[in-house]
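As a plain string of letters, each chain reads:
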Number of protein chains: 2
Amino acid sequence: MTQALRHDAMRARNLALVLGAVGARGSVTRAALAEMTGLTKTTVSKLVGDLIEGGLVVETGTVRDGERGRPGVEIRISGQRVAALGLEINVDYLAVCVVDLARTVRLRRTQAVDNRAAPPVDVIARLGDLASAVVDEAVEKGLRVVGGVLAVPGPVDMTSGVVHNAPNLGWRDVPLASLLRFPFPVRVENEANLAALGELWFGSGLPDFLHVSGEIGIGAGLVVRGRLFRGAHGFAGELGHVVVSPAGPPCRCGGRGCLEQYAGQDALLTAARAATSVRAATSVRPAADTPPAGASRNVPAGIPHEDAAESAGAAHEGPAEAAGAARETPPPEMLLPAQQGVSWVLSRLREGDENARAACERAAWALGVALSSAVNLVDPDAIVLGGIYAPLFPWIGHMVADTLKARLGQMRGAVPPVVVSRLGAEAAALGAAGQVIEQVMADPAALLHT
Amino acid sequence: MTQALRHDAMRARNLALVLGAVGARGSVTRAALAEMTGLTKTTVSKLVGDLIEGGLVVETGTVRDGERGRPGVEIRISGQRVAALGLEINVDYLAVCVVDLARTVRLRRTQAVDNRAAPPVDVIARLGDLASAVVDEAVEKGLRVVGGVLAVPGPVDMTSGVVHNAPNLGWRDVPLASLLRFPFPVRVENEANLAALGELWFGSGLPDFLHVSGEIGIGAGLVVRGRLFRGAHGFAGELGHVVVSPAGPPCRCGGRGCLEQYAGQDALLTAARAATSVRAATSVRPAADTPPAGASRNVPAGIPHEDAAESAGAAHEGPAEAAGAARETPPPEMLLPAQQGVSWVLSRLREGDENARAACERAAWALGVALSSAVNLVDPDAIVLGGIYAPLFPWIGHMVADTLKARLGQMRGAVPPVVVSRLGAEAAALGAAGQVIEQVMADPAALLHT
Ligand SMILES: [Zn+2]
Ligand SMILES: [Zn+2]
């Protein structure tokens with residue numbers, strides 16, 4: 001290492017040290033920074049000058065007594081210049097947000113869109129349009145977007161940016177990172193991991209939890225002492241494919257009886273719709289005569305046939321079956337567009353619809369079963385229900401907790417509490433932007449050099 | 001902090017630094033140690049002197065050229081003095097071992113004993129006798145046992161040493177640490193965690209794996225980048241209570257259909273015996289007429305009634321049922337003592353017994369189901385089967401791997417390989433002793449002061 005390289009490395013380390021100290025304290029004088037970091041005041045002043053020039057910190061302008069009575073201008077992280085882009089491609093929506101370096105969410109957009117049928121390039125083009133508009137708005141506010149992270153619903157090879165398999169999008173081995181065209185670096189990561197980080201940085205503030213990210217698919221992110229647990233290859237947290245019932249309905253992952261087949265959004269909607277149509281249509285066939293296998297012949301609109309078959313097959317399992325709820329899927333023409341989202345289930349629940357309630361009960365029971373396996377394996381301190389489970393929480397939270405308690409209470413002194421995420425579906429995009437912020441905080445020199 | 005305290009803290013830190021450097025290199029000169037640690041040669045010589053006096057390192061006596069051609073006496077970790085005691089209480093055996101600081105296993109004893117009926121104080125007394133004999137032998141070899149760790153089959157509160165619940169021992173809230181009487185400190189920890197560490201330090205040498213510790217109960221320990229993952233409260237890795245079938249047989253943990261009810265040693269033996277007796281007794285009742293519920297009425301010797309009922313109930317589930325294997329438990333007088341251990345199953349398997357094979361197939365299938373949930377959640381790089389699954393590996397390994405591949409292969413590029421532990425049932429006691437060694441290496445000053 002040459003003298004110059006060594007100097008650069010030391011400067012980079014010290015810039016991160018000073019910026020980290022500013023972030024930890026909120027606002028702090030140069031004198032206090034020198035004390036905190038062990039650097040000389042001259043060095044601190046030089047570094048702070050560089051950070052101000054780069055727009056990473058600002059002087060607050062207020063002068064007050066320092067720690068030892070000396071007056072000093074205080075420094076804090078600047079929210080005016082450096083910003084991060086959070087992006088998410090999910091099965092039925094796109095989301096983007098801009099977060100500034102002071103961790104304030106400045107812009108957010110979501111777009112409801114069915115990405116299941118679309119080839120990756122089309123989805124990326126649509127996401128690019130949405131992101132461009134948001135970045136333009138950010139620039140108008142004087143922000144400089146320095147990087148982005150894109151959340152996708154499936155395991156991602158973190159080094160290559162290849163999405164190995166996003167079964168609910170129908171994507172296999174998509175080199176997503178290489179298809180992106182942004183004027184700043186954008187990494188790709190698993191949606192469930194990022195949603196957990198979003199919850200950590202922008203949500204409850206808990207340091208230890210398992211965040212459940214329910215959409216069409218179901219993922220989870222485990223945070224232990226403020227750090228995301230990724231597993232050996234970054235593929236940890238695939239809660240949606242934890243086995244609820246080993247001979248249950250086949251799943252797109254190749255397994256059978258996965259949680260997703262009981263509590264994923266499609267499974268939940270299919271169950272709720274089927275029950276509703278039986279009740280509404282006063283039975284072309286009497287419910288009691290309908291063999292469950294026959295129910296899968298009718299395919300609801302907008303859902304591929306295999307999916308409907310699986311979901312109808314799912315009705316064989318779980319407590320709703322025991323409760324005697326009859327199931328039949330309506331023909332496509334009977335479905336309203338509003339029935340395709342979780343908001344439809346919510347409106348049914350608010351009306352006191354018994355069948356929507358039964359569908360939620362079945363989903364909550366399955367979540368409880370899968371989460372009892374998860375608690376046994378990874379021992380989280382709390383369970384945070386996010387994604388679609390956030391709005392559904394009043395109807396499912398208690399039942400999930402009860403199932404957990406019934407299965408875990410005897411073995412463990414305390415069963416982890418089941419709480420609701422304040423972020424819901426926005427968690428992943430926020431976590432994505434938050435990761436860029438973390439990276440800037442860890443290596444501000446990289447930004448100042450560009 | 002006073003000057004003296006600061007000096008002590010620095011000396012402690014430097015002793016650990018030097019001892020760690022010796023451990024990492026195997027053998028090394030004082031000059032090379034000074035280079036590695038950045039300490040002066042005078043300081044290194046003083047520290048090495050202290051470590052030699054404490055019996056932690058020795059001079060090899062051989063003089064050879066140092067790194068830069070200077071001759072020097074090499075130092076290495078001493079296996080002659082400091083030693084650690086590993087202890088294990090399991091459901092049907094006790095184990096103790098002594099490992100020296102150079103990580104050589106010096107003594108090992110196991111005692112087959114049924115601890116299920118015994119109160120904790122009696123079990124501890126028996127363990128104490130076994131340990132005393134081994135420690136006496138170690139002393140005769142010139143070793144000084146400086147500490148111990150005790151492995152127990154259940155979650156342990158690491159700070160209080162209370163075993164909250166070891167369902168297979170019938171223990172609840174046993175303040176185990178406070179009941180132990182040893183002339184050196186002994187900590188208590190979960191058996192599955194320690195078995196994984198045993199595998200890490202004395203087994204395959206893999207840095208990333210999920211170790212499955214099958215005995216009467218089934219636990220697992222996850223090692224990620226050479227470190228044990230403990231979860232928020234140290235209760236992670238309870239693989240035995242991962243759900244295989246949600247409405248399956250009740251488990252002692254309070255749940256239903258847990259892995260233990262399909263693949264634990266008792267479940268495996270009950271299944272193998274039942275099948276054997278049906279074949280051997282040429283049917284008092286024809287197998288086809290026997291309702292599975294009726295099978296649980298006959299309770300095999302040495303197994304509490306609830307357990308047999310659960311295990312027989314378990315026959316409702318899994319592929320063996322589909323294969324048409326008839327099951328009936330024999331009356332107690334028909335059972336030989338040798339049928340109570342896994343060695344009996346092994347002898348049946350070696351004779352080519354079809355029913356023992358079917359029992360193993362069912363256990364392997366259940367292991368595959370539970371492990372597919374585990375892989376989805378924690379993403380291990382490899383799965384190491386230990387405990388009773390080590391000797392059973394030739395009969396179950398392939399089936400476990402096949403089940404995993406069927407359930408995970410489509411979603412993940414590479415399914416983690418399923419390999420056999422070289423340690424088997426000794427892993428936990430070895431991991432326990434290894435933890436003491438780790439502690440000595442991390443803080444040798446604590447030992448030198450006593
Ligand atoms: Zn699946
Ligand atoms: Zn259990």
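Residues numbered from 1 in each chain as written. Chains lettered and ligands numbered in written order. Predicted model: local features only at pLDDT ≥ 70, side-chain atom pairs only at ≥ 80, totals over all residues. Heavy atoms only, no water.

A. Inspection of the packing of aromatic side chains at higher detail. All names here are of chain A. Tallied over the full model, the rule gives three aromatic pairs over all chains. Ring geometry for F182 versus F184: centroids 5.6 Å apart, planes at 25°, classification stacked. The residue whose ring lies beneath R103 is W201, and the NZ or CZ to ring-centre distance is 6.0 Å. (Phe/Tyr/Trp six-rings, centres within 6.5 Å; stacked < 30°, edge-to-face > 60°. Lys NZ or Arg CZ within 6 Å of the ring centre and 35° of its normal.)

B. Looking closely at the pairing of strand β15 (residues 383–387) of chain B. All names here are of chain B. The element β15 is extensively covered by neighbouring structure, given that five of its five residues are classed as buried. As paired strands, β15 and strand β16 (residues 418–420) are joined by three bridges and run parallel to one another. Residue pairing across strands places L385 opposite V420, the latter belonging to β16. (Buried < 20%, exposed > 50% of the residue type's maximum accessible area, 1.4 Å probe, protein only. Helix = DSSP H or I, 4+ residues; strand = E, 2+ residues; numbered from the N terminus. Pairing = 2+ DSSP bridges.)

C. Region of the structure containing the relation of the copies chain A and chain B. Superposing chain A onto chain B requires a rotation of 180° together with a translation of 0.0 Å along the rotation axis, leaving an RMSD of 0.0 Å. Classification of the inter-copy transformation places it as that of a two-fold axis. No C-alpha of chain A lies nearer the rotation axis than that of S245 of chain A, which sits 2.6 Å from it. The residues that chain A uses at the interface reappear at the interface of chain B in 100% of cases, marking a shared surface. (Least-squares fit on C-alpha atoms with pLDDT ≥ 70 in both. Contact = heavy atoms within 4.5 Å.)

D. Quick peek at the sheet that holds strand β7 (residues 144–152) of chain A. Residues and elements named next belong to chain A. Here we have five strands laid out as an open sheet, ordered β6-β5-β4-β7-β11, and mixed in their pairing. For this open sheet the edge positions go to β6 (105–112) and β11 (186–190), each flanked by a neighbour on one side alone. With strand direction ignored, the average angle separating the axes of adjacent strands in the sheet is 15°. Against the sheet, helix α6 (residues 191–202) touches β4 (82–89), β5 (93–100), β6, β7 and β11, its axis set at about 100° to β11. On the sheet, helix α15 (residues 427–442) packs against β4, β5, β6, β7 and β11 and is oriented at approximately 145° with respect to β4. (Axes fitted to C-alpha atoms, helices over the stretch in contact; angles between N-to-C directions.)

E. Quick look at the coordination of the zinc ion (ligand 2). Residue and element names in this part refer to chain B. In this structure, H241 (ND1), C251 (SG), C253 (SG) and C258 (SG) serve as the protein donors to the zinc ion (ligand 2), at separations of 2.0 to 2.3 Å. For the zinc ion (ligand 2), the four donor atoms are set out with angles of 101 to 125° between them, so the coordination reads as tetrahedral. Donor residues for the zinc ion (ligand 2), ordered by position in the chain, follow H-x9-C-x1-C-x4-C. Since its relative accessible area comes to 2%, C258 is described here as buried. (Donors = N, O, S within 2.8 Å, 3.2 Å for Na, K, Ca; no water. Tetrahedral: all angles 85-135°; square planar, octahedral: opposite > 155°, others 65-115°.)

F. Seen up close, the pairing of strand β9 (residues 162–166) of chain B. Residue and element names in this part refer to chain B. Where burial is concerned, most of β9 is hidden: four out of the five residues are buried. Taken together, the two bridges between strand β8 (residues 156–157) and β9 define a ladder with antiparallel strand orientation. Residue pairing in the sheet places V156 in a bridge with V163 of β9. Note that β9 and strand β10 (residues 171–174) share three bridges and pair antiparallel. Each bridged residue has a counterpart across the sheet, and for A166 the counterpart in β10 is W171.

G. Quick peek at helix α13 (residues 354–378) of chain A. Residue and element names in this part refer to chain A. Between the first and last C-alpha of α13 there are 35 Å, a value that for 25 residues agrees with the 36 Å anticipated at 1.5 Å per step. The buried count for α13 comes to 22 of 25 residues, which makes it a mostly enclosed element. The N-capping residue of α13, defined by a side-chain oxygen 2.9 Å from the backbone nitrogen of N355, is D353. Backbone geometry just after α13 places D379 at a positive phi near 55°. (Expected span 1.5 Å × (residues − 1). Polar contact = N/O pair within 3.5 Å; in protein donor to acceptor, adjacent residues only side chain to side chain.)

H. Local environment of the environment of T104 of chain B. All names here are of chain B. Counting through the fold element by element, T104 comes out in the loop between β5 (93–100) and β6 (105–112). Measuring from C-alpha to C-alpha, the distance between T104 and A83 comes to 9.5 Å, with 21 residues separating the pair along the chain. The contacts of T104, once residues within four sequence positions are left out, are V98 and V99.

I. Structural view of the domain arrangement of chain A. All names here are of chain A. Each assigned domain of chain A is listed with its residue range as follows: domain 1 (3–77), domain 2 (82–199 + 429–448) and domain 3 (204–422). The partner domain 3 presents 26 residues to the 22 residues of domain 2 that form the contact. Buried area between domain 2 and domain 3, both sides added, is near 2000 Å², and the carbon and sulfur share of it is 47%. Area buried by domain 2 at its contact with domain 3 is led by R116, N168 and E199, which between them contribute 32% of it. Between the two partners, domain 2 and domain 3, sit two salt bridges. D266 is paired through a salt bridge with R116; the nearest N and O atoms lie 2.6 Å apart. Applying the counting rule to domain 2 against domain 3 returns seven residue pairs in polar contact (both at pLDDT 80 or more). Among the elements that make up the side of domain 2 that touches domain 3, the one with the highest residue count is α6 (seven residues). A per-class count over the side of domain 2 that touches domain 3 returns ten nonpolar, six polar and six charged. (Domains from an automatic or database assignment. Buried area = accessible area lost by both parts, 1.4 Å probe. Salt bridge = Lys/Arg side-chain N within 4 Å of Asp/Glu carboxyl O. Nonpolar A, V, L, I, M, F, W, Y, C, P; charged D, E, K, R; others polar.)

J. Here's a closer look at the environment of L180 of chain A. Relative to the elements of secondary structure, L180 of chain A occurs in the loop between α5 (176–179) and β11. Leave out the neighbours within four places in its chain, and L180 of chain A touches I124, L150, V186 and V188 of chain A.

K. Just the coordination of the zinc ion (ligand 1), in detail. All names here are of chain A. Within the protein, the zinc ion (ligand 1) binds to H241 (ND1), C251 (SG), C253 (SG) and C258 (SG); these donor distances fall in the range 2.0 to 2.3 Å. Here the zinc ion (ligand 1) is ringed by four donor atoms whose angles at the metal span 100 to 126°, and the overall shape comes out tetrahedral. The sequence pattern describing where the donors of the zinc ion (ligand 1) fall on their chain is H-x9-C-x1-C-x4-C.

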